[in-house]
Amino acid sequence: MKITVVNGQSHKGSTYHIGKMLADKLGGKVTEFFLPKDFSDMCIGCTSCFLKNEHLCPHHARLEKLTNAIDDADVLIFTSPVYVYHVTGAMKSFLDHYGYRWMVHRPEKKMFSKQAVCISTAAGAGTKSTNKDIADSFFFWGIPKIYKYGVNVRATSYNGISENTLKAIDKKTTALAKKIKAKDGKVKVGIKTKAFFELMRIIQRKSDWNEADTDYWHNKGWDGKKRPWK
């Protein structure tokens, strides 16, 4: 199993440790990144990725290593502590660079066979909306199996988490690892993803507003009978 972990912070706090705990329980080869240390550029809204080609993004070269690791993975683990009820700015900026990969544009075929995990922690509240920030991208990338785990750790450091909470985290990550391993190589695309893909297919067949997208879908055969999960 190949696992790519993208941490929405560069320090090794509570969120990092929970993500690492899960990755360790999954086993396999782990490739890990820390934001903004490993990627810090903010999307400048040039629209080159949408309207022309993602390789024209001014940050493409710096992003490529992370993109390749994401594509190569069987499981993605994205972590972010809660920052004002949402992901960190570094994580948001990172995800912004993959807007062109949403199903409405040019989704990557490899996404439709992956599993992904969103992990967030908060001293108080906000894990639900933070995980949703990440899960939205996972879904619109086409990932069929998405897990969300948010923990209100009631502490500002991993060392400050109570023993009872640590036990609960250990139990949860063990159960989550078991589910992921059971589905490894057996993930099936669900009705919701298929329905959204079908809607996007209809749009691509009937709309000519974005030639780059239309050509992409046609060359893949997705505007016809082919599907990325077959």
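Attention here is on the structure that accompanies the text. Keep in mind it's a predicted model, so treat the numbers as computed, not measured.

## Considerations on the overall build of the chain
Regarding its fold elements, the chain presents 8 helices and 5 strands. Ordered by position in the sequence, the α and β elements of the chain form the string β-α-β-α-α-β-α-β-α-β-α-α-α. Over its C-alpha atoms the chain spans a radius of gyration of 18 Å, differing by no more than 12% from the 17 Å that the globule rule assigns to 230 residues. Considering only C-alpha atoms, the chain reaches an extent of 55 × 40 × 30 Å along its principal axes. At a minimum sequence separation of 6, the contacts of the chain that also span at least 24 residues come to 80%. Carbon together with sulfur atoms contributes 53% to the accessible area of the chain, which is approximately 11700 Å² in total. Computed over 39 positive and 22 negative side-chain charges, the inter-centroid distance for the chain is 8 Å.

## A word on the packing of aromatic side chains
This model, assessed by the stated rule, comprises 20 aromatic pairs. Their ring planes at 70° and their centres at 5.5 Å tell us that Tyr 98 and Trp 141 sit as a pair that is edge-to-face. Highlighted residues: Tyr 98 in the loop between helix H4 (89–96) and strand S4 (115–122) and Trp 141 in helix H5 (residues 127–141), separated in sequence by 43 residues. Between Phe 112 and Phe 197 the ring centres are 5.9 Å apart and the planes differ by 90°, which places this aromatic pair in the edge-to-face class.

## Comments concerning H5
An α-helical turn contains 3.6 residues, so a residue and the one three or four places further along point in the same direction. Here H5 contains 15 residues, and its C-alpha end-to-end distance of 21 Å stays within 8% of the 21 Å for a straight helix at 1.5 Å per residue. Taken as a whole, H5 carries its principal kink of about 25° at Ile 134. Looking at the buried side of H5, the elements it contacts are helix H3 (60–72), strand S3 (75–81), H4, S4, strand S5 (145–152) and helix H7 (191–206). Gly 142, located one to two residues past H5, shows a positive phi value of around 105°.

## Focus on the packing of helix H1 (residues 14–26) against helix H6 (residues 163–183)
At a minimum axis separation of 9 Å, H1 and H6 run at an interaxial angle of 45°. Classified by the angle between their axes, H1 and H6 sit oblique to one another. H1 and H6 meet at a crossing whose hand is right-handed. Within the contact between the two elements, H1 uses Ile 18, Met 21, Leu 22, Lys 25 and Leu 26 and H6 uses Ile 169, Asp 170, Thr 173, Thr 174, Leu 176, Ala 177, Ile 180 and Lys 181.

## Structural notes on empty space enclosed by the protein
In total, this model carries 1 cavity of 30 Å³ or more according to the counting rule given. Here the largest cavity is characterised by a volume of approximately 100 Å³. In terms of lining residues, the largest cavity is bounded by Cys 43, Ile 44, Gly 45, Cys 46, Thr 47, Cys 49, Cys 57, Pro 58, His 59, Asp 96 and His 97. In terms of residue class, the lining of the largest cavity is built from 6 nonpolar, 4 polar and 1 charged.

## A short note on the side chain of Gln 9
By the secondary structure assignment, Gln 9 is in the loop between strand S1 (2–7) and H1. Residues in contact with Gln 9, not counting those within four places in the same chain, are Thr 15, Tyr 16, Phe 34, Leu 35, Thr 79, Ser 80 and Pro 81.

## Examining the packing of H7 against helix H8 (residues 211–220)
Contact geometry for H7 and H8: axes closest at 10 Å, N-to-C directions at 115°. Looking at the two axes, H7 sits roughly perpendicular to H8. Note that H7 runs across H8; the crossing there is left-handed. Within the contact between the two elements, H7 uses Phe 197, Met 200, Arg 201 and Gln 204 and H8 uses Asp 213, Thr 214 and Trp 217. Here the contact of H7 with H8 is composed, by residue class, of 3 nonpolar, 2 polar and 2 charged.

Rules of the game
Residues numbered from 1 in each chain as written. Predicted model: local features only at pLDDT ≥ 70, side-chain atom pairs only at ≥ 80, totals over all residues. Heavy atoms only, no water. Helix = DSSP H or I, 4+ residues; strand = E, 2+ residues; numbered from the N terminus. Rg over C-alpha atoms; globule rule 2.2 N^0.38 Å. Contact = heavy atoms within 4.5 Å. Areas by Shrake-Rupley, 256 points an atom, 1.4 Å probe, with all protein chains shown as cover. Lys, Arg positive; Asp, Glu negative; His and termini not counted. Charge placed at Lys NZ, Arg CZ, Asp CG, Glu CD. Phe/Tyr/Trp six-rings, centres within 6.5 Å; stacked < 30°, edge-to-face > 60°. Expected span 1.5 Å × (residues − 1). Bend = angle between axes of the 7 residues up to and from the residue. Axes fitted to C-alpha atoms, helices over the stretch in contact; angles between N-to-C directions. Parallel < 35°, antiparallel > 145°, perpendicular 65-115°, else oblique. Left-handed = near helix turned anticlockwise from the far one by under 90°. 1 Å grid on protein atoms, 1.4 Å probe; cavity = no way out; pocket = protein on both sides within 12 Å on 5 of 7 lines; lining within 4 Å. Points joined across faces, edges and corners; volume = space filled by probe spheres on them. Nonpolar A, V, L, I, M, F, W, Y, C, P; charged D, E, K, R; others polar.

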